[in-house]
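# A look at the structure
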Amino acid sequence: VRLYLKEPTYHLRDPTTFLKQLLGRWSQEIKLFIPSKVGVKKLTRLNDSKQEVVTTKEDQLELVTSAIVYLCKIHDGLCDKLAEWGYITQSLQLLHDVLIADMVGT
């Protein structure tokens, strides 16, 4: 992903498969931050009413998100695939879950 972000115009053999893999990783990464029944992972209190997402190394979620955005900008036909694969609905549900958990990012 880091290599792709250094040169997003690089010709990919199969951008559709790359997008699928990025979206799968994006789903995994974002679910790490959403509170579950077991507990909250990678969260710390920011103040009395808000929580801030904290990572120890580089922000994998940000890298994957940026790669998805660049890929869809360069290969605009892939945006239709997002809806076909159900990621628009899933993204909205995850955004709802994050807002319900009162989480903020930096």
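Residues numbered from 1 in each chain as written. Predicted model: local features only at pLDDT ≥ 70, side-chain atom pairs only at ≥ 80, totals over all residues. Heavy atoms only, no water.

### So, the packing of aromatic side chains
- Enumeration over the complete set of coordinates arrives at one aromatic pair.
- Considering the side-chain rings of Tyr4 and Phe18, the 5.3 Å spacing of their centres and the 65° angle between planes classify their relative orientation as edge-to-face. Separated by 14 residues along the polypeptide, Tyr4 in helix H1 (residues 2-6) and Phe18 in helix H2 (residues 15-31) bring together distant segments of the chain. Comparing Tyr4 with Phe18 shows no difference in burial state: the two are buried. (Phe/Tyr/Trp six-rings, centres within 6.5 Å; stacked < 30°, edge-to-face > 60°. Helix = DSSP H or I, 4+ residues; strand = E, 2+ residues; numbered from the N terminus. Buried < 20%, exposed > 50% of the residue type's maximum accessible area, 1.4 Å probe, protein only.)

### Comments concerning H2
- For H2, with 17 residues, the first-to-last C-alpha span of 24 Å sits near the 24 Å given by 1.5 Å per residue.
- Among the residues of H2, those classed as buried are Pro15, Phe18, Leu19, Leu22, Leu23, Trp26, Ser27, Glu29 and Ile30.
- Lining the buried residues of H2 we find H1, helix H3 (60-74), helix H4 (78-84) and helix H5 (87-100). (Expected span 1.5 Å × (residues − 1). Contact = heavy atoms within 4.5 Å.)

### Thoughts on the side chain of Glu29
- Inspection of the secondary structure puts Glu29 in helix H2.
- Residue classification places Glu29 among the buried positions, given a relative accessible area of 9%.
- Apart from residues no more than four positions distant in its own chain, Glu29 is found in contact with Gln60 and Leu61.

### With respect to a nonpolar patch on the surface
- Taken together, the side chains of Ile88, Leu92, Leu95 and Leu99 define a hydrophobic patch exposed on the protein surface, amounting to about 410 Å² of accessible area.
- With respect to the secondary-structure elements, Leu95 resides in helix H5. (Patch = residues over 30% accessible without salt bridge, like charges linked within 9 Å, V, L, I, M, F, W, Y side chains within 5 Å. Areas by Shrake-Rupley, 256 points an atom, 1.4 Å probe, with all protein chains shown as cover. Salt bridge = Lys/Arg side-chain N within 4 Å of Asp/Glu carboxyl O.)

### Brief notes about the environment of Leu82
- You can see Leu82 is positioned in helix H4.
- It is 8.9 Å that separates the C-alpha atoms of Leu82 and Leu19, two residues lying 63 residues apart in sequence.
- Those residues in contact with Leu82 that sit more than four places away from it in its chain are Leu19, Leu23, Cys72, Tyr87 and Ile88.

### With respect to the state of the cysteines
- With the rule as written, the count across this model stands at zero disulfides.
- With no disulfide partner, Cys72 has as its closest neighbouring cysteine sulfur the one in Cys79, 4.3 Å distant. (Disulfide = S-S within 2.5 Å.)

### Overview of the confidence of the model for the protein
- Per-chain confidence: the protein averages 78 in pLDDT, with 75% of residues scoring 70 or above.
- Ranking the elements of the protein by mean pLDDT puts strand E1 (residues 43-45) last with 41 and H3 first with 93.
- Throughout residues 37-57 the model reports pLDDT below 50, and contacts reaching past four residues in sequence, or to other chains, amount to 36 contacts. (pLDDT = per-residue confidence, 0-100.)

### So, H5
- With 14 residues, H5 should cover 20 Å at 1.5 Å per step; its first-to-last C-alpha distance of 20 Å lies within 8% of that length.
- Here H5 has its buried residues at Tyr87, Leu94 and Val98. The arc that holds every buried residue of H5, seen down its axis, measures 40°, which confines them to one face. The exposed set on the far side of H5, more than 90 degrees from its buried face, consists of Thr89, Leu92, Leu99 and Ile100.
- Phi turns positive one or two residues past the end of H5, at Asp102, with a value near 55°. (Arc of directions from axis to C-beta.)

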